[in-house]
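An overview of the molecular structure
Now for the letters of each chain:
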Amino acid sequence: RTRLRKFPSLVNCSTIDWFTPWPEDALSTVAKSFFAQTTMDKPVREAVVAMCGYLQQTVRDLSSEFYSELRRYNYVTPTSYLE
């Protein structure tokens, strides 16, 4: 506590990453509800839902590879999936 009072930027300029990766079933559920009102055949809708989850996981994997090679962060959060 005393150290934080001496160096307030440790608190003011810090970011804590509270996001954890979503499980596959959560990604599918969100995609299904998003595309529920869209007119498309059932097999096409299922393929689109599967593709949404695949893309989110692929971006997450590539972001960690990006960090390991260039030491730069690319944050992939649940909010970016919902957008």
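Structure first, text after, so check above.
Now for a description of the structure that goes with this document. (Residues numbered from 1 in each chain as written. Predicted model: local features only at pLDDT ≥ 70, side-chain atom pairs only at ≥ 80, totals over all residues. Heavy atoms only, no water.)

1. A few points about the overall build of the chain
A tally of regular secondary structure across the chain gives five helices and zero strands. Along its sequence from the N terminus, the chain presents helices and strands in the succession α-α-α-α-α. For 83 residues, the compact-globule formula gives about 12 Å, and the C-alpha radius of gyration of the chain, at 19 Å, lies well above that figure. The buried share of the chain, reckoned over its 83 residues, is 13%. Summed over its atoms, the accessible surface of the chain is roughly 7200 Å², and 58% of this surface lies on carbon and sulfur atoms. Taking the 10 positively charged and 9 negatively charged side chains of the chain as two groups, their mean positions are separated by 17 Å. (Helix = DSSP H or I, 4+ residues; strand = E, 2+ residues; numbered from the N terminus. Rg over C-alpha atoms; globule rule 2.2 N^0.38 Å. Buried < 20%, exposed > 50% of the residue type's maximum accessible area, 1.4 Å probe, protein only. Areas by Shrake-Rupley, 256 points an atom, 1.4 Å probe, with all protein chains shown as cover. Lys, Arg positive; Asp, Glu negative; His and termini not counted. Charge placed at Lys NZ, Arg CZ, Asp CG, Glu CD.)

2. Structural notes on the packing of aromatic side chains
Considering all chains together, one arrives at three aromatic pairs under this definition. Plain terms: the ring middles of Phe34 and Phe35 are 5.1 Å apart, the flat faces sit at 85 degrees to each other, and that makes the pair edge-to-face. The exposed category is assigned to Phe34, whose relative accessible area is 59%. Both rings, one in Tyr73 and one in Tyr75, keep their centres 5.6 Å apart while their planes meet at 10 degrees; by these two values the pair is stacked. Given the relative accessible area of 57%, Tyr75 is considered exposed. Three or more aromatic residues link up through ring pairs in this structure, and these residues are Tyr67, Tyr73 and Tyr75. (Phe/Tyr/Trp six-rings, centres within 6.5 Å; stacked < 30°, edge-to-face > 60°.)

3. Remarks on the nonpolar core
Residues Leu27, Ala31, Phe35, Val49 and Tyr81 constitute the largest nonpolar core, which totals five residues. Apart from the residues within four sequence positions on either side, Val49 is in contact with Ser28, Ala31, Lys32 and Phe35. (Core = buried A, V, L, I, M, F, W, Y, C linked by side-chain atoms within 4.5 Å. Contact = heavy atoms within 4.5 Å.)

4. Description of the side chain of Gln56
Inspection of the secondary structure assignment puts Gln56 in helix α4 (residues 42–70). A relative accessible area of 10% means that Gln56 is categorised as buried. Not counting residues up to four positions away in its chain, the partners in contact with Gln56 are Leu27, Val76, Thr77, Ser80 and Tyr81.

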